[in-house]
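Residues per chain, in single letters:
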Amino acid sequence: MTPAEAALTLSEGQLEALRNLERKHAGADVDWIRISDAVSLTELGLALRNREGWVITPAGLQALDALQPGGPP
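Since the model is a prediction, treat every value here as computed from it, not as a measurement.

Draft legend 1. Highlighting the pairing of strand 1 (residues 47-50). Relative to strand 2 (residues 53-56), strand 1 is paired through 4 bridges, and the arrangement is antiparallel. Pairing of Leu-48 across the sheet is with Val-55, part of strand 2.

Structural data, given as structure tokens:
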């Protein structure tokens, strides 16, 4: 499954968690995310867990780009 295809299957909770991780990646302070949402994003390859907590992957960034108007198909 491509990042764009994965983005189309995300629940509202997963999408909000992914957006939070994108903001964290950009250096912003973010809210807590549900572990179940983060785990499911990890299973899709859109996030991962490291010592600093949950982080967005390049595929996660691509998935969010695909959701933007005019983004990749």
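Draft legend 2. Spatial organisation of the packing of helix 2 (residues 12-25) against helix 4 (residues 58-67). Axis separation between helix 2 and helix 4 bottoms out at 10 Å; the angle between their running directions is 115 degrees. By the angle class used here, helix 2 and helix 4 are roughly perpendicular. Handedness of the crossing formed by helix 2 with helix 4: left-handed. Between helix 2 and helix 4, the contacting residues are Leu-15, Leu-18, Arg-19, Glu-22 and His-25 on the first element and Gly-60, Leu-61, Ala-63, Leu-64 and Leu-67 on the second.

Draft legend 3. View of helix 4. For helix 4, every residue scored as buried is listed here: Gly-60, Ala-63, Leu-64 and Ala-66. Seen end-on, helix 4 carries its buried residues on one side only, within an arc spanning 155 degrees.

Draft legend 4. Seen up close, the layout of surface pockets. Computed from the structure, the largest pocket encloses a volume of approximately 230 Å³. Surrounding the largest pocket, Leu-21, Lys-24, Val-30, Asp-31, Trp-32, Ile-33, Ile-35, Arg-49, Gly-53 and Trp-54 form its lining. Breaking the lining of the largest pocket down by element, the ones donating at least two residues are helix 2 and strand 2. Residue classes in the lining of the largest pocket are distributed as 6 nonpolar, 1 polar and 3 charged.

Draft legend 5. Representation of the packing of helix 2 against helix 3 (residues 35-43) in the model. At a minimum axis separation of 9 Å, helix 2 and helix 3 run at an interaxial angle of 80 degrees. Considering their axes alone, helix 2 and helix 3 lie roughly perpendicular with respect to each other. Across the interface between the two elements, Gly-13, Gln-14, Ala-17, Leu-18 and Leu-21 from helix 2 touch Asp-37, Ser-40 and Leu-41 from helix 3. Class assignment for the residues of the contact of helix 2 with helix 3 results in 4 nonpolar, 3 polar and 1 charged.

The rules behind each value
Residues numbered from 1 in each chain as written. Predicted model: local features only at pLDDT ≥ 70, side-chain atom pairs only at ≥ 80, totals over all residues. Heavy atoms only, no water. Pairing = 2+ DSSP bridges. Helix = DSSP H or I, 4+ residues; strand = E, 2+ residues; numbered from the N terminus. Axes fitted to C-alpha atoms, helices over the stretch in contact; angles between N-to-C directions. Parallel < 35°, antiparallel > 145°, perpendicular 65-115°, else oblique. Left-handed = near helix turned anticlockwise from the far one by under 90°. Contact = heavy atoms within 4.5 Å. Buried < 20%, exposed > 50% of the residue type's maximum accessible area, 1.4 Å probe, protein only. Arc of directions from axis to C-beta. 1 Å grid on protein atoms, 1.4 Å probe; cavity = no way out; pocket = protein on both sides within 12 Å on 5 of 7 lines; lining within 4 Å. Points joined across faces, edges and corners; volume = space filled by probe spheres on them. Nonpolar A, V, L, I, M, F, W, Y, C, P; charged D, E, K, R; others polar.

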